[in-house]
Amino acid sequence: ELKVEQNPLFLSMQEGKNYTIYCNYSTTSDRLYWYRQDPGKSLESLFVLLSNGAVKQEGRLMASLDTKARLSTLHITAAVHDLSATYFCAVRGADGLTFGKGTHLIIQP
Amino acid sequence: NAGVMQNPRHLVRRRGQEARLRCSPMKGHSHVYWYRQLPEEGLKFMVYLQKENIIDESGMPKERFSAEFPKEGPSILRIQQVVRGDSAAYFCASSPQVQGVGTDTQYFGPGTRLTVL
């Protein structure tokens, strides 16, 4: 059974700081996704990582994938309040996606 | 290009009633997935469908829950005789393909928030 673990689950940080969210998964997969969810809203696709060593960046967010370690990271640079949300990683299994529990990120001025 | 559409957005049912949730995939997408999200939790896969076929229902409870994706019309997630534990947000996602060239990113609808009284 595919398991996906994120840490930390809760993160409060100040604007301007850097931080990293980690996503570990238990079995081999060829797709890893990062999603953002605002309270009461749906999921917004941020990144799709397809291969070992893949790195993608969008604004202050950068995601990377190490398939050998079964680890993905989402790095936040110089955080701003607008990035406050819940971030989910998800790994493709046999058919559907398996999600982590999410990281609740609060960025304080 | 309209995104994934779900309706209703909010649904209130009393215990024992039936809930019917609808999902229209993005244009050109033939794969539909249903997920359930409990408060403060990630999404849990329920079922994966293509037109007129259930491909994987390993995440669906064995009783009271069913899903279909007919040749014409939206995909339907049906919950019979709802109980309080069914209260959750139900998200539908669609993708153009699962295997082959290109990504198969799933695009999520806005969700239906079911409350069982």
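We now turn to the structure provided with this report. (Residues numbered from 1 in each chain as written. Chains lettered and ligands numbered in written order. Predicted model: local features only at pLDDT ≥ 70, side-chain atom pairs only at ≥ 80, totals over all residues. Heavy atoms only, no water.)

### What to know about the packing of aromatic side chains
Rule in force here: Planes of paired rings set the category: under 30 degrees apart is stacked, over 60 is edge-to-face and the rest tilted, where pairs are Phe, Tyr or Trp rings (Trp by its six-membered ring) whose centres lie within 6.5 Å. The secondary structure listing takes helices from DSSP runs of H or I that are at least 4 residues long and strands from runs of E that are at least 2 residues long, numbered from the N terminus. A 1.4 Å probe rolled over the protein chains alone gives each residue an accessible area, and that area as a share of the maximum for its type sets the label: buried under 20%, exposed over 50%, partly exposed in between.
The full count for this structure, using the stated rule, is nine aromatic pairs over all chains. Measuring from ring centre to ring centre gives 5.2 Å for Tyr35(A) and Phe108(B), while their planes differ by 85°; the resulting arrangement is edge-to-face. Placement of the pair is Tyr35(A) in strand β4 (residues 32–37) and Phe108(B) in strand β10 (residues 107–108), with the two residues belonging to separate chains. The residues Tyr35(A) and Phe108(B) share a single accessibility class, namely buried. A ring pair is formed by Phe99(A) and Tyr35(B), whose centres lie 5.6 Å apart and whose planes are at 85°; its orientation type is edge-to-face. A residue pair is termed interchain when its members come from two chains, as with Phe99(A) in strand β10 (residues 97–99) and Tyr35(B) in strand β4 (residues 31–37).

### Details of the environment of Glu41(B)
Where we set the bar: Working rule for contacts: check all heavy atoms of both residues, and any pair within 4.5 Å makes them a contact.
Inspection of the secondary structure assignment puts Glu41(B) in the loop between β4 and β5 (43–50). Leaving out residues up to four positions away in the same chain, Glu41(B) has contacts with Phe88(A) and Lys101(A).

### Details of the interface of chain A and chain B
As a reminder, the rule being used: Computed with a 1.4 Å rolling probe, the buried area is the accessible surface lost when two parts are put together, summed over both parts. Put simply, a salt bridge is a Lys or Arg side-chain nitrogen that is within 4 Å of an Asp or Glu carboxyl oxygen. Polar contact is the term for a pair of N or O atoms within 3.5 Å; when the atoms are in protein, one must be able to donate a hydrogen and the other to accept it, and sequence-neighboring residues count only if both atoms are side-chain atoms. Under the scheme applied here, ten amino acids are nonpolar (Ala, Val, Leu, Ile, Met, Phe, Trp, Tyr, Cys and Pro), four are charged (Asp, Glu, Lys and Arg), and all others, including Gly, are polar.
Facing the 20 residues of chain A at the interface are 23 residues of chain B. Here chain A and chain B share an interface that buries about 1700 Å² over both sides, 50% of which is from carbon and sulfur atoms. One can count zero salt bridges joining chain A with chain B. Here chain A and chain B share six residue pairs in polar contact (both at pLDDT 80 or more) between them. Secondary-structure elements contributing two or more residues to the side of chain A that touches chain B are β4, β5 (43–49), β9 (85–92) and β10 of chain A. Of the residues belonging to the side of chain A that touches chain B, the class tally is eight nonpolar, seven polar and five charged.

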